Amino acid sequence: MSLNRDDSLSGDFSSSDFVSYTVMMPPTPDNQPMFQDQYSAVKAEEAQPAYGSSSSHLGGEGGRGAAGEDGAGGEPSGKMDRRMSVMKSNNKSILLRSQTNDFDHNRWLFETKGTYGIGNAFWPSGEAGGYGARAGAGVVDDDAMNVSMADFLDKPWKPLTRKIPIPPSILSPYRLLIMIRLVVLMFFLAWRVSHPNPDAMWLWGMSIVCEIWFAFSWVLDQMPKLNPINRATDLAALQDKFESPSPSNPTGRSDLPGIDVFVSTADPEKEPPLVTANTILSILAVNYPIEKLACYISDDGGSLLTFEAMAEAMVFAEVWVPFCRKHNIEPRNPDSYFSQKGDPTKFKKDQDFVKDRRRLKREYDEFKVRINGLPDAIRRRSDAYNKREERKAAAAGGGGDEEGAVKVLKATWMADGSHWPGTWLAPSKDHSKGDHAGILQVMSKVPSPDPVYGSSDEKIIDLSGVDVRVPMFVYVSREKRPGYDHNKKAGAMNAMVRASAILSNGPFILNLDCDHYIYNSQALREGVCFMMDRGGDRICYVQFPQRFEGIDPSDRYANHNTVFFDGNMRALDGLQGPVYVGTGCFFRRFAVYGFDPPRAYEYIGTFGQSKHPLHAPSLCSSMFNAIDPALGPDVELLNAARAELPKRFGNSALFADSIPVAEFQARPLQDHPVVKNGRPAGALLLPRQPLDANTVAEAVSVISCWYEDKTEWGDRVGWIYGSVTEDVVTGYRMHNRGWRSIYCITKRDAFRGTAPINLTDRLHQVLRWATGSIEIFFSRNNALFASSRMKFLQRLAYLNVCVYPFTSIFLIVYCFLPALSLFSGHFIVQNLNIAFLSYLLVITLTLTMLSLLEVKWSGIGLEEWWRNEQFWLIGGTSAHLAAVLQGLLKVVAGIEISFKLTSKSAAEDEEDIYADLYVVKWTSLFIPPLTIIVVNLVAVAIGFSRTIYSTIPQWNKLLGGVFFSFWVLAHMYPFAKGLMGRRGRMPTIVYVWSGLVAIIISLLWITISPPTDSTQSSGGSIEV
């Protein structure tokens, strides 16, 4: 826009008030390009002082510009007025630049109120030049923008999660080194094959086979790590979307979906009830809408001890849960909270906190006393009731006749004087671990949808203004009868899935072990962020890392397993998602039912390089569509689907009706075009209906042992049967149908649990995992048979899961090779030439640099990485080898595999919480690694003695054998330290085995290679 003296102006500018100037106005929403390039008619009106003035719109001859009255140029005067204004002032000369006499627009823009512009910082009123009015005219322009400050206060759409890529400065060299090492390995193996050792072909052959397998195993482990990623959630955005007042939710009631939390336990002797009770308390106190949360515990042992411990926990929860809400306690496991070191009053501003904490600590101590005294209380109570029954029976029989006396079963009695329907202390028919009725007890009813606030005089602490509601809690013990395969933990989880569908039907399921408690009260919200975000309808589960407490500071046996949880799992998140590892997993109920995702893709080609969307719906999707009320009625298809449902899910009509409800409630909000398969806002505001007798009776029926007969439970629906590692198989089936999973690492650990720090218990745990992998390898769940819906690198990851135990066969052979080399005087190569040493140097350097970069992007420590390497060799030569043998026995001979339940320590020894670390429990798994240690030590001694006393010492072969022997012994150091126990108190059996192995080796070697007398003694020789 250009204005000068020669332009026609309507107004009274004096010569001192107007100077020629040019204004370059950018194309903003207020200044759109017009048909002509210049406007040259300006009308100035009476001005007001600065910082209180209002600007007036200008136009030539009655409000129009140079385009004229007839609207030439096609622009109405109102729009013209919005594009052009001149500040009204008594004296424009004050805005002239002192040297150039140009109009000072910067000063005009920043020193007058009328020119702040439009936004959420300042919005001028209509009288002050705001949009939507013609200043001075008092007439509202029809084309003016009907906007106000409120329009700028509307919050923009925000995603609930985001990806945080690994920096290219780390990831690019990492990928390059993988390719370099892969090429070098290929050349090295080719060189090794083409350069045999004619002096020891047997040694060369064994080493070649082992090295080829190690290279293959490394490829399976390393290739899925090409694309690691990090993720972050936005909890504030989640609250804004689902828990803030809006037109569809005027009261701000939570629109979040429901969550059912599953906790499983089986034996109160190995899984102390106090540990389980603390886990339950941490769940009930989690920061999630109370009416949307339900907790279920599966007691697969049917123990009255667990039942009464849960009843005691619910009594204590009525005080503990409001206390956590009042003071924002973290963690919300009372045992972990009260055992924390440090100042508990840090960051606490409430004056009542110290008093409340002291009272809660006293209540918790009394709670622990009651829990620990339950076994004796139940026994004494049962004895008293049994004696009473004996007296009644004796009185009814006439008394005194011992032969005719009626024998009374030694029953276990509940506190109300009735028989416990589960397992008795003295097992009998219908009351043993494998033979008892189904039990379902709702210990905490469905909470009120509205907050219930406490008062200052009804509880132990002042709960004024604190919501005292407790989430719904249900005790479940499924029915067990002889002749039925109850399928261990997988069967218990499926029973809870069915019972929870009847009672609460939360669209999401969180499963926890009884010793894994919620350490971060926001953990459930973190998982919901991924499910409710764009694309969340394709996510089958969100896996959280496992974190452990009570581990020795040096982590001798790699119990933290950070290389797997922070490395491998983070890398899989960049593919199709992490594997399911048994606990700390947040499931979509609809995916657990065996349905396909709403959108899936096929990966065609040798390496799955071609991606194609699937258009044809599967049988599962078609059947679901028929029963989804949102898709409209289809009577014929609906009847066909109804007929198919019992074949898959059983005969429960209530369960069948819950399926489409769970799917709909799990959908993300349809609040943006990028969100597909969403639901409208406010759809989940209706309160949950209270339970009635018929509903509870139906829930009891679905946990019966016969309910799964002739259904697809355990085959395509729910947790999959047939493996002791049902978790891996269940996750594999979901990925195979096209679902994807997410790995969620939170700043504060989401969950924490315990792990066995004893060497024997740790090896038995690893044995169970490896045995499950062998079962997967010899089943149809082998990744070699995966569908085209699974990505190629995801297949490699699952293939590695079921193949890694076989590495133990080659590993144990390779650990003996250095000793065989020292015994025989030969090495795996004929000479330590430059080519072999160069290959070895490059392979070692690339492996070292890869490890350093992996440590960098995964965040693990070097010591943790080294401990993982050590235990990989210890477990590979002991538990993995036993797992391979057990797996082969099951496949060939049909011998079933049984596993030992991992004990959960209650940490009663407060003086030494690491006491279990020094306990030596002899097991046959110790024999292979102990043999490797003894053989290599003996071989090093023999090798040194032979080289020193030989006529022509061959130090190069000795150094090669000794180097690899020390490599083996360095990895075995934690195992040797574990055998020594506390203060080197090694068990006698270790000395016996060591001496026996040493003697056997010496005799075998003398037999195979007897010593020869190369020189004659001074006294002559004896001839025979």
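Residues numbered from 1 in each chain as written. Predicted model: local features only at pLDDT ≥ 70, side-chain atom pairs only at ≥ 80, totals over all residues. Heavy atoms only, no water.

### Points about the sheet that holds strand E7 (residues 259–265)
(1) Moving on: Spatially, the 8 strands line up as an open sheet ordered E11-E12-E8-E7-E13-E17-E15-E20, and their pairing is mixed. Among the strands making up the open sheet, the edge pair consists of strand E11 (439–444) and strand E20 (740–743). When the angles between neighbouring strand axes are averaged without regard to direction, this sheet yields 20 degrees.
(2) Moving on: Against the sheet, helix H9 (residues 304–327) makes contact with E7, strand E8 (293–299), E11 and strand E12 (472–477), and its axis sits at roughly 15 degrees relative to E11, the strand it touches most. (Pairing = 2+ DSSP bridges. Helix = DSSP H or I, 4+ residues; strand = E, 2+ residues; numbered from the N terminus. Axes fitted to C-alpha atoms, helices over the stretch in contact; angles between N-to-C directions. Contact = heavy atoms within 4.5 Å.)

### Quick look at the nonpolar core
(1) Moving on: Within the largest apolar cluster, 143 residues are counted, with the highest numbers of intra-cluster contacts made by Tyr296, Phe587, Tyr593 and Phe649.
(2) Moving on: At 10 residues, helix H5 (residues 168–194) tops the list of elements feeding residues into this core.
(3) Moving on: Within the second largest apolar cluster, 79 residues are counted, among which are Val319, Leu510, Cys529 and Met532. (Core = buried A, V, L, I, M, F, W, Y, C linked by side-chain atoms within 4.5 Å. Buried < 20%, exposed > 50% of the residue type's maximum accessible area, 1.4 Å probe, protein only.)

### Examining a positive patch on the surface
(1) Moving on: On the surface, Lys355, Arg358, Arg359 and Arg362 cluster together to form a positively charged patch.
(2) Moving on: On the secondary structure map, arginine 359 appears in helix H11 (residues 353–372).
(3) Moving on: A residue is classified by how much of its surface remains accessible, and arginine 359, at 30% relative accessible area, is partly exposed. (Patch = residues over 30% accessible without salt bridge, like charges linked within 9 Å, V, L, I, M, F, W, Y side chains within 5 Å. Areas by Shrake-Rupley, 256 points an atom, 1.4 Å probe, with all protein chains shown as cover. Salt bridge = Lys/Arg side-chain N within 4 Å of Asp/Glu carboxyl O. Lys, Arg positive; Asp, Glu negative; His and termini not counted. Charge placed at Lys NZ, Arg CZ, Asp CG, Glu CD.)

### Re the packing of aromatic side chains
(1) Moving on: In total, this model carries 50 aromatic pairs according to the counting rule given.
(2) Moving on: Consider the rings of tyrosine 541 and tyrosine 580, whose centres lie 6.1 Å apart with planes at 55 degrees: the pair is tilted. Of this pair, tyrosine 541 sits in strand E15 (residues 539–543) while tyrosine 580 sits in the loop between helix H15 (562–572) and strand E17 (585–588), and the two are 39 residues apart along the sequence.
(3) Moving on: Judged by relative accessible area, tyrosine 580 falls into the buried class, the value being 1%. (Phe/Tyr/Trp six-rings, centres within 6.5 Å; stacked < 30°, edge-to-face > 60°.)

### Examining the sheet that holds strand E14 (residues 517–518)
(1) Moving on: One open sheet accounts for 3 strands, arranged E14-E21-E16; its pairing is mixed. Of all the strands in the sheet, just E14 and strand E16 (548–549) have a single pairing partner and so form its edges.
(2) Moving on: Relative to strand E21 (residues 751–754), E16 runs parallel, the two sharing 2 bridges. Across the sheet, the residue bridging to phenylalanine 548 is glycine 753, located in E21.

### Details of a nonpolar patch on the surface
(1) Moving on: Together, Phe944, Ile948, Tyr949, Trp955 and Leu959 give the surface a local cluster of nonpolar side chains, amounting to about 610 Å² of exposed area.
(2) Moving on: Among the secondary structure elements, those contributing two or more residues to the nonpolar patch are helix H28 (927–949) and helix H29 (955–971).
(3) Moving on: The element that contributes the greatest number of residues to the nonpolar patch is H28, accounting for 3 residues.
(4) Moving on: Mapping tryptophan 955 onto the fold places it in helix H29.

### Points about the environment of alanine 200
(1) Moving on: By the element assignment, alanine 200 lies in the loop between H5 and helix H6 (201–222).
(2) Moving on: Using a relative accessible area of 0% as the deciding quantity, one classes alanine 200 as buried.
(3) Moving on: For the pair alanine 200 and serine 824, spaced 624 residues apart in the sequence, the C-alpha separation amounts to 8.7 Å.

### A word on the packing of H9 against helix H12 (residues 374–396)
(1) Moving on: At a closest axis distance of 10 Å, the pairing of H9 and H12 adopts a crossing angle of 120 degrees. Crossing of H9 against H12: the hand is right-handed. Residues Leu304, Leu305, Glu308, Ala309 and Glu312 of H9 form the contact with H12, whose own contacting residues are Leu374, Pro375, Ile378 and Arg381.
(2) Moving on: Counted by class, the contact of H9 with H12 contains 6 nonpolar, no polar and 3 charged residues. (Left-handed = near helix turned anticlockwise from the far one by under 90°. Nonpolar A, V, L, I, M, F, W, Y, C, P; charged D, E, K, R; others polar.)

### What to know about the confidence of the model for the chain
Detailed reading of the predicted coordinates is not advisable wherever pLDDT falls low.
(1) Moving on: Per-residue confidence for the chain gives a mean pLDDT of 81; residues scoring 70 or more make up 76%.
(2) Moving on: Taken as a whole, residues 1014–1024 scores under 50 in pLDDT and shows 1 contact with residues more than four places along the chain or in a different chain. (pLDDT = per-residue confidence, 0-100.)

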